[in-house]
Amino acid sequence: MDYKMELTPEQLALLNGEQGETMAKVVKTLVMYGEAFGATKMIPVTSEMGHLVTSFGLKVMTPVYDLMQQLIDAGLSSKQKFSVDPKPVDPKVPSNFAKNLVFNKFMYTKQDSYDEQLRKLGLVSDEAYTCTCYMNEVGNLPKKGDILSWAESSAVVYANSVLGARCNRNSGIIELFGSIAGFVPYFGLVTDEGRKATWIVEVKCKKKPEAQVLGSAIGMKVMEDVPYVKGLTDWIGTELDDDAKAYLKDFGAATASNGAVGLYHIEGLTPEAVEMGESLIAENAQVYVIDDAELERVKNSYPVMWKKPDKAPQLCFVGCPHLSLQQLKEWTDNVCEGLKKSGKKKVTIPTVFTAAPAVCDEFNKTEYAAKLAATGVTLSYICPLMYMNNPLAKMGRVITNSNKLRTYTTSRYYTSEEILDIITKGAK
Ligand code: F3S
């Protein structure tokens, strides 16, 4: 094959079939992918673990299962153990006979066999299904400077920005190939140059900006560029504590889904911004000023896709990306408090909080678990997006505080405060 990038003798040997035809195809794919983005070489993946984005056994994905089987048959498990995105179905999540029929007979019919393939390829444990693999409880926590081969957009932007690791916004399968080969193409966000900010975002709000709306505004403005955000530490502090990390998780997922951001720098807070300050800003960077009115404008621009927008919501999802342990505890306190104030015992609509299985396990060991259960909220490990992919779920009136879920489905966005009001007091 024709290629311009520099390959080491070992990489070249793999490309030439030293470890078999399947490995050669894996490397060829990575080379072609790198060439398309102008990569100059391959660099070793250095993180302890990988993470795969494709976690669901959707019936129509036959090529993926065939490809996975070819890798397994060739004895090519991942060099790294990996975690994977959340599972699509949980019997605890409110559903009905027809929806379940679609889930189990038409949609995720390959889940069991696909789970088996994932195990054979290097899935670290049956509990490792979450998009927030970087939570302490889950343990896939890259170090600063680590080179990763991940694809889940919310995890990539978190790892790059909050942890200071280096990863491109790869697509599914490519990330597995990088983990199998042990190297990834050198371009974009794994290079120093690619990590420079081409946008300066000045946050000039008079109240704490909602993480998911601020992220959405920035994502829609800068698209795939790197923003350097000033003025946010006035609201979230200069310590990367649990609060700040949870805020940045939700903020980042919105930048990555409402735009295509893979890395952001927060002045005075995220590791590279703390270390390098404004030297991270590229020459001629553009400026975007965000105030309360701008956030309101962005929020009001979201389309409402319900057939009957005036009708009451029927289901609520909180936890996309998956909630942290602290967020779960805070939501529990807030729901209990809200219900007390409104004189109600249970949430007014079926409500599902989602978190990583390991986070749910930890939560269930605390006193909060019983409190949350008493409110009627369901705690689950699913990905709400995969639930919403069910055509029957799409027809329902679902609300969420997730801008990612809002973007990809018919669910309707409300801020966390509004969601709390709706589920504890009744429809707006
Ligand atoms: Fe995670 Fe699914 Fe949302 S993967 S970020 S819960 S769409």
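Remember, it's a predicted structure, so these values are computed and weren't measured experimentally.

Draft legend 1. Expanded view of the domain arrangement of the protein chain. The domains assigned to the protein chain are domain 1 (9-190), domain 2 (195-300) and domain 3 (315-425). Here the C-alpha centroids of domain 1 and domain 3 sit 28 Å apart. On the side of domain 3, 29 residues touch domain 1, which itself brings 29 residues to the contact. Around 2300 Å² of area is buried between domain 1 and domain 3 when both sides are counted, 67% of it from carbon and sulfur atoms. At the boundary of domain 1 with domain 3, the tally comes to 1 salt bridge. For the salt bridge of Lys404 with Glu152, the shortest nitrogen-to-oxygen distance reads 2.8 Å. Of all elements in the fold, only helix H4 (97-107) and helix H6 (153-161) reach the threshold of two or more residues within the side of domain 1 that touches domain 3. No other element matches H4, which puts 5 residues into the side of domain 1 that touches domain 3. For the side of domain 1 that touches domain 3, a count of residues per class yields 16 nonpolar, 6 polar and 7 charged.

Draft legend 2. Up close: the packing of aromatic side chains. A full pass over the atoms with the stated rule returns 12 aromatic pairs. On the numbers, 5.6 Å between centres and 85° between planes, the contact of Tyr302 with Tyr413 is edge-to-face. You can see Tyr302 sitting in the loop between helix H12 (292-300) and strand E9 (315-323) and its partner Tyr413 sitting in strand E13 (residues 412-413), a full 111 residues away along the chain. We note that Tyr302, like Tyr413, is buried. Summarising the aromatic geometry, the rings of Phe317 and Tyr387 are spaced 5.3 Å apart at their centres and angled 70° between planes, so their arrangement reads as edge-to-face.

Draft legend 3. Structural context of the site of the ligand. As a matter of local geometry, the ligand sits amid Asp85, Pro86, Cys131, Glu152, Ser154, Cys320, Pro321, Cys383, Pro384, Leu385 and Lys404. Secondary-structure elements contributing two or more residues to the shell around the ligand are E9 and helix H16 (384-388). A per-class count over the shell around the ligand returns 7 nonpolar, 1 polar and 3 charged. Both domain 1 (9-190) and domain 3 (315-425) contribute no fewer than three residues apiece to the shell around the ligand.

Draft legend 4. How the structure looks around the pattern of salt bridges. One pass over the full model with this rule turns up 18 salt bridges. With a closest N to O distance of 2.9 Å, Glu278 and Lys230 form a salt bridge. With Glu278 in the loop between helix H11 (271-276) and strand E8 (281-290) and Lys230 in strand E6 (residues 227-230), this residue pair connects regions lying 48 residues apart in the sequence. Residues joined by salt bridges that share partners form a network here, namely Glu116, Arg119 and Asp126.

Draft legend 5. Here's a closer look at the sheet that holds E9. The sheet built from 5 strands is open, its strands ordered E11-E10-E9-E12-E13 with parallel pairing. Among the strands making up the open sheet, the edge pair consists of strand E11 (378-380) and E13. Here E9 runs beside strand E12 (residues 398-400); their pairing, made up of 3 bridges, is parallel. For Phe317, the partnering residue across the bridge sits in E12 and is Thr400.

Reading the values: rules and limits
- Residues numbered from 1 in each chain as written.
- Predicted model: local features only at pLDDT ≥ 70, side-chain atom pairs only at ≥ 80, totals over all residues.
- Heavy atoms only, no water.
- Domains from an automatic or database assignment.
- Contact = heavy atoms within 4.5 Å.
- Buried area = accessible area lost by both parts, 1.4 Å probe.
- Salt bridge = Lys/Arg side-chain N within 4 Å of Asp/Glu carboxyl O.
- Helix = DSSP H or I, 4+ residues; strand = E, 2+ residues; numbered from the N terminus.
- Nonpolar A, V, L, I, M, F, W, Y, C, P; charged D, E, K, R; others polar.
- Phe/Tyr/Trp six-rings, centres within 6.5 Å; stacked < 30°, edge-to-face > 60°.
- Buried < 20%, exposed > 50% of the residue type's maximum accessible area, 1.4 Å probe, protein only.
- Near = heavy atom within 4 Å.
- Pairing = 2+ DSSP bridges.

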